[in-house]
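One letter stands for each residue in the lines below.
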Amino acid sequence: MPKNEREKIRHPALKGASEVALARLASFPELIPNPIIEIDLEGSLTYLNPAAALKFPNLREAGQQHPILAGLLSAVENDQENSFVREVEVDGEIFEQSIHYLAESDLIRTFIVREITEQKQVEAELSQRDRLLQAVAEATSYLLAELNYETAIDKALAVLGKAAQAHRVYLFENNPHPVTEEMVVNLRFEWTCSDYEPSVYHWQDDSAQAFGLSRWKTALESGKSISGLTREFPTTEQELLTRCGIQSLLLVPLRLDEKLWGYLGLADCSCERQWSKHEESTLLAMAISISGAKQRQQVEERICYQALHDLLTELPNRLLFNELLSNALPNAKRNDESLAVIFLDLDQFKSINDSLGHTLGDQLLKSVAKRLRDALRAGDTVARWGGDEFTILLPRIHQIEEVVHVARRILQAFENAFYLEGHEFYVSASLGIALFNDDSSDAETLIKHADAALYQAKDAGRNNYQFYSASLSTKTPKLLIMEKSLRHALEREELVVYYQPRVNIATGKITGMEALLRWQHPEMGLVAPNVFIPLAEESGLIIPIGEWVLRTACKQNKIWQEGGLPSLTIAVNLSLKQFRQPKLVETVAMILQQTGLEPRFLELEITESTAIEDLYFTESVLQKLENMGVRLSIDDFGTGHSSLSRLQLLPLHNLKIDRSFIQNLTTDTKVAHIVKAIVGLGRSLGLRLTAEGVEKEEELEFLKSIHCEDVQGFLFYRPLPAEKATEILLNGGVTS
Ligand code: C2E
Ligand code: MG
Ligand code: MG
């Protein structure tokens, strides 16, 4: 259009021009600001209006290659309709293009309706928003509905990653380090789009500071996000991100009750991407949902923990123990291993609880739980079964010694005093052990057998461990019959006390008598104590029987004294169970009082093994007896594997060297040396020494040579009934 004509259109002076003329002028392609292009069916440009020439300067040059013309011919040929609209992109700008096929002139006229770049961007953003919103909704529903927290997070991150078209989505947690307890960053969850491998370099188990990320921590802690292009980050952060192949990062805080517990991040690894406000708010919304899920998980964990743990000691409870045991059994079978179940019961806990109150009792249980945990190997489990009962699972057992070792360690764990609120307590424990084998092949039986073994341990005087054994638990019928009739032995007066004189080597005089029990059974004849005392121990009958022996022996000594015979001590044996009975000291005092025997004429014998079971306990009981004036003696010395140094803490008067040493005295020089050493050491500790079981003259000679004071043995006297013993005493130590 000639310049003057164009000016006419805009010129106010044209106001008066005819309407028709103006309409004609306005429709004139030359005037229209929208580009108009015409091509023929060969694809050659036939017309280009000035707007088109201005907008697309290289149109002529590019020809069919130009996006405006590309595909027009084929579109017209394939399209049934003569007009259609399409969108084209030219140098980053998007246009709506209207296309008309003018059949009458065989031309294609195309008209750029408008530029829609911005609209397109808005649309894209809107649909991205839609996608993100949908993703948040979908992810939130996973986080709410999915029972497994891990699965829920995995699903949520995948949905988010896909919707945000990110390459990676991360969830970091702040956790206390298992050893140092310092707060450390841990990558807990990661989603990567299928084109990307998960990052090789992970942020794990180190503090934000160590990673050089203190800035992030401070920002995130105050609720701010970290967002931007890697190359715009400070150098240390850049290095870290580059190592992970990240080009752009968006990180938002994960907070619960105002406390930062982690970070949620989106990363782009292929291009530099500016994160939109909307993406950030989506991520924040997601962070809130995830924090909600975390909170629910924590609550669930707590509920689950409470259901499976004892709240006082924080140990697993019975339910969890059963479950762990059931899981361990197939493993043991598969690996051809054994496992052990230990049932542990605190000795005399009830009396502590009753006398000190439940608060201290509870504290004691807590301390016990801690000691038990410390005494076990990694992988072992200790559970509180209830009250003062604990169960222990030792998996992966290859040799019984491993169990013995742990059992000993557990008993040792009780050797030191417990200090609670200024009080000092000594508590011991009894352990019953069942091993996974043919006799005990399922969880229930194992526990039952460990429990049965515990009772054996209790019967054996507490503070010890016992293994369950099928043969031990089933008594032979003869023993069963004997146990039954033993119950009546006392009332039927079938029990008899024999007396074995103790002789002073130097003077040859009788210095004491040992009371030794016999059972005059109507059918079986005279039954030796080694046979029936264990039965009496097991059934508890030892208590009344022992009391009867003590009374009989004291009475007898008093009779001898009143008969004008030289004063001597009467020695009475106390079994482990007798020694452990709470009323021992009172019973002894009462019997002495009732019989009128002076305490110094009574000697109580406990074996070395009884003495060392619980040295503190032994010491306290012996001290009370010593204060009363009673003499105390260690019987069967040398068989209990203890040492004199341990025994020297006890207020003792007499040491009786076990018969097994005397038997080998003359045949084994090593034994002779040992006996000599025992005598020497015993004397240096101020103890009187008695050799038991002296049968031969040579034995006596040797004992004499090493200055052992007393002997007891068949060489002089066998254990004798009271009348016989009286006779001997009357004869001044000579048998008639
Ligand atoms: P003990 O206290 O060590 O008693 C010594 C044992 O050695 C006695 O066996 C005695 O007869 C035996 N003996 C003594 N001299 C000789 C000897 O020269 N050669 C041999 N071969 N043996 C000798 P006894 O009377 O059969 O008692 C066995 C154990 O039974 C006692 O060992 C003691 O531990 C226990 N006992 C005996 N009476 C009682 C009792 O009233 N109460 C308790 N709790 N235990 C008792
Ligand atoms: Mg004895
Ligand atoms: Mg003995």
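Whatever comes next refers back to the structure up there.
Residues numbered from 1 in each chain as written. Chains lettered and ligands numbered in written order. Predicted model: local features only at pLDDT ≥ 70, side-chain atom pairs only at ≥ 80, totals over all residues. Heavy atoms only, no water.

Draft legend 1. Quick look at the coordination of the magnesium ion (ligand 3). Looking at the magnesium ion (ligand 3), the protein donor atoms are Asp635 (OD), Asp636 (OD), Glu692 (OE) and Glu692 (OE), and they sit 2.0 to 2.6 Å from it. Every donor residue of the magnesium ion (ligand 3) comes from the same chain, spaced as D-D-x55-E. A separation of 4.1 Å is found between the magnesium ion (ligand 3) and the magnesium ion (ligand 2), which share Asp635 as a coordinating residue. Assessed through its relative accessible area of 24%, Asp636 is described here as partly exposed. (Donors = N, O, S within 2.8 Å, 3.2 Å for Na, K, Ca; no water. Buried < 20%, exposed > 50% of the residue type's maximum accessible area, 1.4 Å probe, protein only.)

Draft legend 2. Highlighting unusual backbone geometry. Even without a glycine there, the phi angle at Asp91 is positive, about 45°. Position of Asp91 among the secondary structure elements: in the loop between strand S3 (83–90) and strand S4 (93–102). Backbone geometry places Glu493, a non-glycine residue, at a positive phi of 55°. Looking at where Glu493 falls in the secondary structure, it is placed in the loop between helix H17 (477–489) and strand S18 (495–504). The exposed category is assigned to Glu493, whose relative accessible area is 69%. (Helix = DSSP H or I, 4+ residues; strand = E, 2+ residues; numbered from the N terminus.)

Draft legend 3. Expanded view of the coordination of the magnesium ion (ligand 2). Binding of the magnesium ion (ligand 2) to the protein goes through Glu514 (OE), Asn573 (OD1), Glu605 (OE) and Asp635 (OD), at separations of 2.0 to 2.2 Å. Within one chain, the residues donating to the magnesium ion (ligand 2) are spaced in sequence as E-x58-N-x31-E-x29-D.

Draft legend 4. Summary view of the site of ligand 1. Every one of the 23 residues lining ligand 1 counts as a neighbour, but Arg518, Asn573, Asp635, Glu695 and Phe714 are closest to it. Here Glu514 contributes a side-chain N or O atom positioned 2.9 Å from an oxygen atom of ligand 1. Separating a nitrogen atom of ligand 1 from a side-chain N or O atom of Glu695 is a distance of 2.5 Å. Contact with the protein chains covers 86% of the free accessible surface of ligand 1, which is 800 Å². Secondary structure elements with two or more residues in the shell around ligand 1: strand S19 (510–521), helix H18 (529–539) and strand S23 (631–637). Ranked by residues supplied to the shell around ligand 1, first place goes to S19 with four residues. Residues belonging to the shell around ligand 1 are distributed by class as follows: eight nonpolar, seven polar and eight charged. (Near = heavy atom within 4 Å. Polar contact = N/O pair within 3.5 Å; in protein donor to acceptor, adjacent residues only side chain to side chain. Areas by Shrake-Rupley, 256 points an atom, 1.4 Å probe, with all protein chains shown as cover. Nonpolar A, V, L, I, M, F, W, Y, C, P; charged D, E, K, R; others polar.)

Draft legend 5. Just the sheet that holds strand S7 (residues 183–192), in detail. Strand order in the open sheet made by the five strands is S7-S6-S10-S9-S8, with antiparallel pairing throughout. Looking at strand neighbours, the two that pair on one side only are S7 and strand S8 (226–229), the edges of this open sheet. Across the sheet, the mean angle separating the axes of adjacent strands is 20° when strand polarity is ignored. By the bridge criterion, four bridges tie S8 to strand S9 (residues 248–256) in an arrangement that is antiparallel. If you follow Ile226 over to S9, its bridge partner there is Leu251. Of the strands in this sheet, strand S6 (168–176), S7 and strand S10 (259–268) touch helix H7 (residues 149–164), which is tilted by about 60° from S7. Of the strands in this sheet, S6, S9 and S10 touch helix H10 (residues 277–308), which is tilted by about 35° from S9. (Pairing = 2+ DSSP bridges. Axes fitted to C-alpha atoms, helices over the stretch in contact; angles between N-to-C directions. Contact = heavy atoms within 4.5 Å.)

Draft legend 6. How the structure looks around the pattern of salt bridges. With the rule as written, the count across this model stands at 30 salt bridges. Between Glu258 and Arg255 there is a salt bridge, with the nearest N and O atoms lying 3.8 Å from each other. Judged by relative accessible area, Glu258 falls into the exposed class, the value being 66%. Several salt bridges converge on common partners, so that one network encompasses Arg502, Glu603, Arg631, Arg688 and Asp710. (Salt bridge = Lys/Arg side-chain N within 4 Å of Asp/Glu carboxyl O.)

Draft legend 7. Spatial organisation of helix H8 (residues 214–221). Within H8, burial applies to Trp216, Ala219 and Leu220. Buried positions in H8, seen along its axis, are confined to an arc of 95° and lie on one side of it. Summarising the contacts, the buried residues of H8 are in contact with S8, helix H9 (235–243), S9 and S10. Immediately beyond the C-terminal end of H8, within one or two residues, lies Gly223, with a positive phi of roughly 90°. (Arc of directions from axis to C-beta.)

Draft legend 8. Quick look at the sheet that holds strand S13 (residues 389–397). Taking strand neighbours across the sheet as the criterion, the five strands line up as S12-S13-S11-S16-S17 in an open arrangement whose pairing is mixed. Across the chains shown, the open sheet's two edge strands, defined by having one partner strand only, are strand S12 (381–386) and strand S17 (465–467). In this sheet, adjacent strand axes meet at a mean angle of 20° when their direction is disregarded. One ladder, built from seven bridges, connects strand S11 (residues 338–346) with strand S16 (residues 429–435); its direction is antiparallel. Considered in S16, the bridge of Asp345 is made with Ser430. Seen against the sheet, helix H13 (residues 358–375) touches S11, S12 and S13 and runs at an angle of roughly 10° to S13.

No statement about biological role is implied by the geometric values presented.
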